[in-house]
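Below are the chains, spelled out letter by letter.
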Amino acid sequence: MFFLLLLCVCGLLVRGDAQDRAALWRGNDRSGRCQYTFTVPSPVEASCPQTGGPEMEGLKARLSMLEVLVSRLTGGDAGGPQGAGARAQPELQEALTRAVGERNLLQGEKERLERELEGLQRRMEEMRRETEKLKNKPCPPQTPVVPPNPSLQGSGLMRPAGGSSPMSHLMNRPNRQGDSSSSLRDSAWQYRSPDFQELKAEVTEVPAPDGSEDNTGCGELVSVGAPITHRKADNIEGKYGVWMQDPESVSPYGPNMVWRIDTIGSDVRNLFGYEDMNQLSKGFPSKVLLLPEPVESTGATVYRGSLYFQRRRSRTLIRYDLASESIAARRDLPHAGFHGQYPYSWGGYTDIDLAVDEQGLWAVYSTNKAKGAIVMSQLDPHSLEVKKSWETNIRKNTVANTFIICGKLYAVASYTAPDTIINYTYDTETSQGKAVAIPFRNKYRYNSMIDYNLAQRKLFAWDNFHMVSYDIRLGRQQAN
Ligand SMILES: *[C@@H]1O[C@H](CO)[C@@H](O)[C@H](O)[C@H]1NC(C)=O
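Residues numbered from 1 in each chain as written. Predicted model: local features only at pLDDT ≥ 70, side-chain atom pairs only at ≥ 80, totals over all residues. Heavy atoms only, no water.

## A look at the site of the ligand
Link 1 in the chain: Lining the immediate surroundings of the ligand are Thr 398, Ala 413, Asn 423 and Tyr 424.
Link 2 in the chain: A distance of 2.2 Å separates an oxygen atom of the ligand from a polar atom in the side chain of Asn 423.
Link 3 in the chain: Relative to its unbound accessible area of 360 Å², the ligand is 50% covered by the protein chains.
Link 4 in the chain: Counted by class, the shell around the ligand contains two nonpolar, two polar and no charged residues. (Near = heavy atom within 4 Å. Polar contact = N/O pair within 3.5 Å; in protein donor to acceptor, adjacent residues only side chain to side chain. Areas by Shrake-Rupley, 256 points an atom, 1.4 Å probe, with all protein chains shown as cover. Nonpolar A, V, L, I, M, F, W, Y, C, P; charged D, E, K, R; others polar.)

## Things to note about the sheet that holds strand E13 (residues 353-357)
Link 1 in the chain: Read across the sheet, four strands follow the order E13-E14-E15-E16 without closing on themselves; strand pairing throughout is antiparallel. The open sheet has two edge strands, E13 and strand E16 (386-395), and neither has a second partner. Neighbour to neighbour, the strand axes of the sheet diverge by 25 degrees on average, direction disregarded.
Link 2 in the chain: Pairing between strand E15 (residues 373-379) and E16: six bridges, direction antiparallel. (Pairing = 2+ DSSP bridges. Helix = DSSP H or I, 4+ residues; strand = E, 2+ residues; numbered from the N terminus. Axes fitted to C-alpha atoms, helices over the stretch in contact; angles between N-to-C directions.)

## Some remarks on the pattern of salt bridges
Link 1 in the chain: All chains considered together, the criterion is met by 13 salt bridges.
Link 2 in the chain: Residues Glu 325 and Lys 287 are paired through a salt bridge, measuring 3.1 Å at the closest nitrogen-oxygen approach. Of this pair, Glu 325 sits in the loop between strand E11 (316-321) and strand E12 (326-332) while Lys 287 sits in strand E8 (residues 287-290), and the two are 38 residues apart along the sequence.
Link 3 in the chain: Among the residues examined, Glu 325 registers a relative accessible area of 36% and is labelled partly exposed.
Link 4 in the chain: As a salt-bridge pair, Arg 311 and Glu 293 come within 2.7 Å of each other at their nearest N and O atoms. One end of the pair, Arg 311, is in the loop between strand E10 (306-310) and E11; the other, Glu 293, is in the loop between E8 and strand E9 (301-303), with 18 residues separating them in the sequence.
Link 5 in the chain: Owing to a relative accessible area of 12%, Glu 293 belongs among the buried residues under this scheme.
Link 6 in the chain: Three or more residues joined by partner-sharing salt bridges are found here, namely Glu 293, Arg 311 and Arg 330. (Salt bridge = Lys/Arg side-chain N within 4 Å of Asp/Glu carboxyl O. Buried < 20%, exposed > 50% of the residue type's maximum accessible area, 1.4 Å probe, protein only.)

## Structural notes on the state of the cysteines
Each disulfide consists of one covalent bond between the sulfur atoms belonging to two cysteines.
Link 1 in the chain: Applying the stated criterion across every chain, the model contains one disulfide.
Link 2 in the chain: Each sulfur of the disulfide joining Cys 218 and Cys 406 lies 2.0 Å from the other. Looking along the S-S bond of the Cys 218-Cys 406 disulfide, the torsion reads about -95 degrees, which is the left-handed sense. Note that Cys 218 is positioned in the loop between helix H5 (194-204) and strand E3 (221-224) and Cys 406 in the loop between strand E17 (401-405) and strand E18 (408-412), a separation of 188 residues in sequence. (Disulfide = S-S within 2.5 Å.)

## Here we look at the packing of aromatic side chains
Link 1 in the chain: Scanning all chains against the criterion turns up nine aromatic pairs.
Link 2 in the chain: With 5.6 Å between their ring centres and 20 degrees between their planes, Tyr 240 and Tyr 446 make a pair best called stacked. Here Tyr 240, found in the loop between strand E4 (228-232) and strand E5 (241-245), pairs with Tyr 446, found in the loop between strand E20 (432-441) and strand E21 (447-453); they are 206 residues apart in sequence, far enough to count as distant. Accessibility classification places Tyr 240 together with Tyr 446 in one group, the buried group.
Link 3 in the chain: The structure contains a cluster of three or more aromatic residues connected by ring pairs, namely Tyr 240, Trp 346, Tyr 415 and Tyr 446.
Link 4 in the chain: Sitting over the face of the ring of Tyr 344, Lys 396 holds its NZ or CZ atom 4.1 Å from the ring centroid. (Phe/Tyr/Trp six-rings, centres within 6.5 Å; stacked < 30°, edge-to-face > 60°. Lys NZ or Arg CZ within 6 Å of the ring centre and 35° of its normal.)

Okay, here's the thing in structure tokens:
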């Protein structure tokens, strides 16, 4: 039967071809009845001068003829060859049943999605109300003496090093590159609430220290504590990864916000945001962002409201603005090796490692010219341009990882040995490197990321599925 129908349709198409193009459609109408629709272009007219003319009548007549033919063929009408009609019935019935079944399935799926959407809308509304409530809540009273450095606020974990007050840390946000704008006046301030602006004015009036003692809180790394585990990733994508906190957060995200990227996969784009460490530990993200470009490896960092990362299989650095959820800048890191050219010893395409310290944004990488030795470049956090570079004399692929504190690079010897050491440090101030031996623990024996977080004064690391942090102790700045 289908064969007959097909033959008929083919016949029509062939005929239609001869006089341009004809088409036959078959589909269920609203009541579920099978409908056949036949269209054919006018053999003489390019367009319809008016509808309902004699041509239309002709078409209608031909259409009803076809309808009769089709209904006869499908056996729905008397007069057709009885045998064929009888055989066609069950097949068509079956096709119809199948179609109806599929439709019902789709209907069910649609309803499920609608319910899900409703649920999400409800949750969004709840969150909006919660936000509203929080906004209307009065801020906790400010202690007048403690300056409102946003990177220190609310971070219960903050421990000023060397017993210096949090204030000293603030007043001496180092400014060694000689650039005239103090970090207290950085452009990020303009995005913050007016309260901050006012308090900022007060802060700048605090008299500067007399210079006889070191108040930066900066100094050489003396020791690294035992790792504290915050969270274990739940699937293979999280064997390697990067997690971070913005030391100078920008609204709408506060200083406690934790960001995380699981970096196993060929198209890493998910950036998870957690309201604080506690939520990270529980595994409840409050924000999931889909990055417009894929991320390469574990070198990403956050700073002043932007996520900085290396675009996959390129030396392109991207600044992704977290508030507007869009790319704010992109720039190639000149001559930088990428995608396995100059990784850390564990590989993993860790060619370009971004870092933030008291002096701003850094890239740690290598170039052909440096022959694989570690190059450190200070970057303009706005434009990603290289401001200044230093070439060290250790090969990047001999060290497990690096981090930067107060303009000094520290290299960890092994990523697998549970008891390893930091065996090299390079000081950008003196352009000198030297061997050291500071014990360091790889508790889970596969450390894929180590970064300094200056707001918390800790190291953050990703050790074999585990997000861990280390307390650190800094010594006094050495006399120059
Ligand atoms: C540090 O340790 C790594 C790995 O054992 C080694 O290759 C490198 O030469 C060491 N660097 C220094 C300065 O001792």
